[in-house]
Amino acid sequence: MKRPAAKIVIAKNTGFCKGVKRAVQIAERTLAENPGRNVYSLGPVIHNPEAMRKLSGLGLKVAKSVAGIPEGSILILPSHGTPESVITVAAGKRLKLVDVTCPHVASVKRICRDLCARGRKVVIIGEAEHAEIKALKDSAPGCIIIENEEQVPEGLFTSGKIGIISQTTQSKDRFLGIVGVILKKNPLVKEVDICNTVCRDSAGRQEEAKKLAAQVELMLVIGSATSANTRRLAEIGASVNGNTHLVEKPAGNLADKVKGTRSIGVISGASTPSWLIEEVIGCIKENA
Ligand code: SF4
């Protein structure tokens, strides 16, 4: 007898978030309007290799640094932000800059500058090596980056004023947990500004991932391991359902993973294109 088909529950929050959608649209438009001209991006425009492959197919060249970009080129600055010092170097070269920084990331940069202007020592809760944090760091000279509770320094802010912000794709619970530890280990801090700068889209996906993972036998998070918000969704899913996996594309052992499974939850990171999600769902349907 044929087994009943697996129940596939697709999260409401899948595909590009607004910031990524806007960045990709501007990049595509820039390429279409400038045939034959050198169009570069500084690192990936968004953190998804499949989507970047598509932009490369339209003519985009990806540079690691401003130094390697020929004068007269167009330079797209990525969605996750660019350090001010790099923008200054790029502006000093004969390049046409197209800044596709997500408006939310741009607003967090402004918050950093504002906190500094008001004499706060800025504490950023996030991944030190992530491109967004490197961009934010430049807007808050002397800031401290904290990735986890173990890294919280004791008695560092003895008499000062501090401002705490978050990487936009951080888990809200983790952010608030680390804020609590900072305050506990530094009781002499006089004034604290706590700015929850986790973006609404990330927070919504995280909530949905948590709920969905608890309802299904297998939870799949579609997106790239290079994307911080995708990794966060996989972590959150795994915290409630050990059978949670990050899926980059409809390849590898995806067919084996879904075989024989009765219920499958699907969510995607904010930089995963919808065509890729459709391909993965197609593969799930064929093999589950
Ligand atoms: S996840 Fe949030 S901060 Fe990041 S690009 Fe999307 S809207 Fe902007």
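Remember, it's a predicted structure, so these values are computed and weren't measured experimentally. For every chain, the first residue of the written sequence is number 1, and numbering continues from 1 along that sequence. Local features are withheld for residues below a pLDDT of 70 in this predicted model, meaning they are given only at 70 or higher, and side-chain atom pairs are given and counted only at 80 or more; totals for whole chains, interfaces and linings count all residues. Heavy atoms from the whole structure form the basis of all side-chain values; hydrogens and water molecules are not counted.

Caption draft 1: Broad picture of the sheet that holds strand β7 (residues 144-146). Criterion used throughout: strands pair if DSSP finds at least two bridges between them. Secondary structure counts use DSSP, requiring at least four H or I residues in a row for a helix and at least two E residues in a row for a strand, with both numbered from the N terminus. On the basis of which strands lie adjacent, the open sheet formed by four strands has the order β7-β6-β8-β9 and parallel pairing. Each edge of the sheet is formed by a strand with only one pairing partner; in this case those strands are β7 and β9 (191-194). With strand direction ignored, the average angle separating the axes of adjacent strands in the sheet is 20°. Bridge count between strand β6 (residues 121-125) and β7: three bridges; the pairing is parallel. What counts as an axis is a line fitted to C-alpha atoms, over the stretch in contact for a helix, and the angles between N-to-C directions run from 0 to 180 degrees.

Caption draft 2: Local environment of the site of the ligand. Near the ligand, the surroundings consist of C17, G19, C102, H104, V105, T168, C199, S202 and A270. Looking at the shell around the ligand, its residues break down into five nonpolar, four polar and no charged. If even one non-hydrogen atom of a residue comes within 4 Å of a molecule or strand, that residue is called near it. Amino acids are sorted into nonpolar (Ala, Val, Leu, Ile, Met, Phe, Trp, Tyr, Cys and Pro), charged (Asp, Glu, Lys and Arg) and polar (every other residue, Gly among them).

Caption draft 3: Quick peek at the nonpolar core. Ranked by size, the top nonpolar core spans 19 residues in total, and within it V45, I46, L55, L60, I76 and V100 carry the most contacts. When residues of this core are traced back to their parent elements, those giving at least two are α1 (18-33), α2 (49-57) and β4 (74-77). The contact rule is simple, with two residues in contact once any of their heavy atoms fall within 4.5 Å. Dropping the residues within four chain positions of it, I76 is found in contact with A27, T30, V39, Y40, S41, L42, V45, L60, V98 and V100. Nonpolar core, defined: a set of buried Ala, Val, Leu, Ile, Met, Phe, Trp, Tyr and Cys residues in which side-chain atoms within 4.5 Å join the residues together. The buried label applies to any residue whose accessible area, calculated with a 1.4 Å probe on protein chains only, is under 20% of its type's maximum; exposed applies above 50%, and partly exposed to all values in between.

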